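Close look at the chain arrangement
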Amino acid sequence: MTRRPHRSLLLAPIAACLALTLAWSAPAGADQNRAPFADALDEILDDPRLDGAQAGVVVADAATGEVLYDHNGADRLMPASNSKLLSSVAALDVLGPDHTFTTELRTTGRVVGGVLLGDLYLRGTGDPTLLVEDYRSLAAQLRQAGVRQVVGDVVADDTRFDTERFHWGWNVDDEQYYYGAPISALTVAPDTDYDAGTVKVTITPGAKPGDRPRVSLEPDTGFLKVENTATTGEAGSTLRLPLNRVHGADVLTVSGSIPVDARPTTSWRAVWDATGHATAVFRDALAEEGVRVTGRTRLGRAVPEGSRVLASHESMTVAELMNPFMKLSNNGHAEVLVKAMGHETAGDGGWSAGTAAARESLAGFGMDDSTYVLADGSGLTRRNWVPAAELATLLVEVRDQPWFDRWHEELPVACAGDRAVGGTLNARMCGTPAEKNAHAKTGSLTGATGLSGYVTDADGRELVFAVVINYYMGSHPKDIEDAIVVTLASHREDAPAQRAPEPRELPRPEGERPADGPAPDHDSLVVKPEELTTVGHR
């Protein structure tokens, strides 16, 4: 972990105090030391939708750390997924950009004539990107090693992390959704968004009204049971498909009706037992490879001393993981990295050890541990409290790191045109000077939003900005965030300061999951991609 003083650690507090003193001691427009864009930002923040809300906004020079604008920057606010700025930086510092997660098949038994005499252990170390094909690869390696039969049990070792699957600060209502999936050292994801511990659910109308619609799962091992009481309705009838995963059980319930002429609808649901689900996928893979297992499945048992490796799979590096993690704001990735940091530094794969390791790392980037609370890595909990000023400090300090360029590249990019580049900003700030310019992390909980990152102004000066808004009511004020960033991108020192034109937002491509938004209809499968919304994820 890196420990170093930096010029901005000295300049930023002084500049912040100066900016606050000047801002409150003189009427707007009377202070020649205020940044030229300050009045324009004040006007944006005077939006009546923020009446009764709290907003913290800090803008600084990226190169020097000089604070150019500070609006309640010291207030502790819920940063939502802006928390991922902290967890991603700490993970690159503590684990290192080249860190990988290894998944292994191990045994203490003997292989005689193609028969493994003993238990087969599937050991995970936290890889959140394991797919069905990776488990098939492990099974194929075992077959290639000459094993045709296992006379013993398949034992899942997920003990790298603790047994706390859901953070104590998460809302129980979020547990069944892909952004609130359980955290385990052994998981499987249904696709290359890598939402580990979830299944992709597709519902297709029956052949005629009155038929049961067909419910298909990816991956489907029979581990997640489906209770389908839904019906196929008449053509043009109302579509309503309550889709829920039962709390505390791997049971999915589907009811309601889907019109006979409707297209198949798709959603994602989290499983309850992520380790059990992944192990079921692996047992299916063994069967497909012709490896017969005579024993049962056991979960949560550590590999014994003296075991040997029969097959292994290595994940992408932490640096490579930053792409799906930060671009798509993947909550599970954040929590895996936090628990991995706990194991790396204290031999304890739990949230407390992991966040302690993160806070220690972040102190080396100028963050004052007495001013913020980091309870989880994703921001799904409402117990994270981080001032905008601390976010801005981190954004300045991290620029010295050898891995900064890669990390900066993996922040979402405004209106980039490609989801793998734009991520959760792909449809925002289009047709403005911020387009393909602003690199920033989004964040959204019900009543809380954040947007923090980097933008280059019209003079070519790079700025950092941190915007955190809490306790607003009504529609999501992401247009206020965008207006701030577009104003910064439009700024010229030799031109009169003014609020930039309103950005336009592009529609999300069909089938793409949401980035930010208010709470969903928690008991329904939402069909139209443009109407898909989630709480607490992106």
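Residues numbered from 1 in each chain as written. Predicted model: local features only at pLDDT ≥ 70, side-chain atom pairs only at ≥ 80, totals over all residues. Heavy atoms only, no water.

What follows deals with the overall build of the chain. Along the backbone of the chain there are twelve helices and 24 strands. Burial analysis of the chain (538 residues in total) assigns 59% to the buried set. Within the chain, contacts between residues at least 6 apart in sequence are counted, and of these 71% link residues at least 24 apart. On the chain, roughly 20600 Å² of surface is accessible, and the fraction owed to carbon and sulfur atoms is 49%. (Helix = DSSP H or I, 4+ residues; strand = E, 2+ residues; numbered from the N terminus. Buried < 20%, exposed > 50% of the residue type's maximum accessible area, 1.4 Å probe, protein only. Contact = heavy atoms within 4.5 Å. Areas by Shrake-Rupley, 256 points an atom, 1.4 Å probe, with all protein chains shown as cover.)

For any pair of aromatic rings, geometry is given as the distance between the ring centres together with the angle between the planes. Applying the stated criterion to the full structure yields eight aromatic pairs. Here the aromatic rings of Y177 and Y179 are separated by 5.8 Å at their centres, their planes lie at 10 degrees, and the arrangement is stacked. Among the residues examined, Y177 registers a relative accessible area of 5% and is labelled buried. Centre to centre, the rings of F365 and W403 are 6.4 Å apart; their planes meet at 55 degrees, and the pair counts as tilted. Here the residue F365 occupies a position in the loop between α8 (351-363) and β21 (386-387), and W403 occupies one in the loop between α9 (388-397) and α10 (404-409), the gap between them amounting to 38 residues. This pair shows no difference in class: F365 is buried, exactly as W403 is. The structure contains a cluster of three or more aromatic residues connected by ring pairs, namely Y177, Y178 and Y179. (Phe/Tyr/Trp six-rings, centres within 6.5 Å; stacked < 30°, edge-to-face > 60°.)

Before going further, it helps to spend a moment on the pairing of strand β17 (residues 265-270). Of all six residues in β17, five are buried; the element is thus mostly enclosed. Sheet analysis places strand β10 (residues 198-204) next to β17, joined by six bridges and oriented antiparallel. Its bridge partner lying in β17, I203 is registered against T265. (Pairing = 2+ DSSP bridges.)

Take the confidence of the model for the chain next. The predicted structure's coordinates, where accompanied by low pLDDT, should not be read in detail. Within the chain, residue pLDDT values average 89, and 86% of them lie at 70 or more. In this model, residues 2-30 is a region of pLDDT below 50 whose contacts with residues beyond four sequence positions or in other chains number 39 contacts. Taken together, the stretch residues 515-537 has pLDDT below 50 and engages in 88 contacts with residues farther than four places along the chain or on a different chain. (pLDDT = per-residue confidence, 0-100.)

Between helix α6 (residues 318-327) and helix α7 (residues 331-346), the least distance of the axes is 9 Å, while the angle of their chain directions is 150 degrees. On the basis of their axis angle, the class for α6 and α7 is roughly antiparallel. Viewed along their axes, α6 and α7 form a crossing whose handedness is left-handed. Counted together, V318, L321, M322, P324 and F325 of α6 and H333, A334 and L337 of α7 form the full contact between these two elements. Among the residues forming the contact of α6 with α7, the class breakdown is seven nonpolar, one polar and no charged. (Axes fitted to C-alpha atoms, helices over the stretch in contact; angles between N-to-C directions. Parallel < 35°, antiparallel > 145°, perpendicular 65-115°, else oblique. Left-handed = near helix turned anticlockwise from the far one by under 90°. Nonpolar A, V, L, I, M, F, W, Y, C, P; charged D, E, K, R; others polar.)

Quick look at the packing of helix α3 (residues 83-94) against α8 now. In helix packing, the relevant descriptors are the interaxial angle and the interaxial distance, both defined with respect to the helix axes. Here α3 crosses α8 at 85 degrees, and the two axes come no closer than 9 Å. With respect to α8, the element α3 is oriented roughly perpendicular. Residues L86, V89, A90, D93 and V94 of α3 pack against A357, A358, S361 and L362 of α8. Split into classes, the residues belonging to the contact of α3 with α8 amount to seven nonpolar, one polar and one charged.

Next up on the list: the pairing of strand β9 (residues 154-157). Consecutive residues of a regular strand have side chains that alternate between opposite faces of the sheet. Side-chain alternation along β9 places V154 and A156 on one buried face and V155 and D157 on a second face that is also buried. Of the pairings in the sheet, the one linking strand β7 (residues 120-123) to β9 comprises four bridges and is parallel in character. By the bridge assignment for β9, L122 is matched with A156. When β9 meets strand β19 (residues 297-299), the two strands line up parallel, connected through three bridges.

A separate point is the environment of H71. With respect to the secondary-structure elements, H71 resides in strand β2 (residues 67-71). Given the relative accessible area of 24%, H71 is considered partly exposed. A C-alpha to C-alpha distance of 5.6 Å links H71 and G56, two positions 15 residues apart in sequence. In this structure, H71 is in contact with L45, A55, G56 and V57, ignoring residues within four places of it in sequence. Within the structure, the side chain of H71 is placed 3.3 Å from the side chain of N72, a separation counted as a polar contact. (Polar contact = N/O pair within 3.5 Å; in protein donor to acceptor, adjacent residues only side chain to side chain.)

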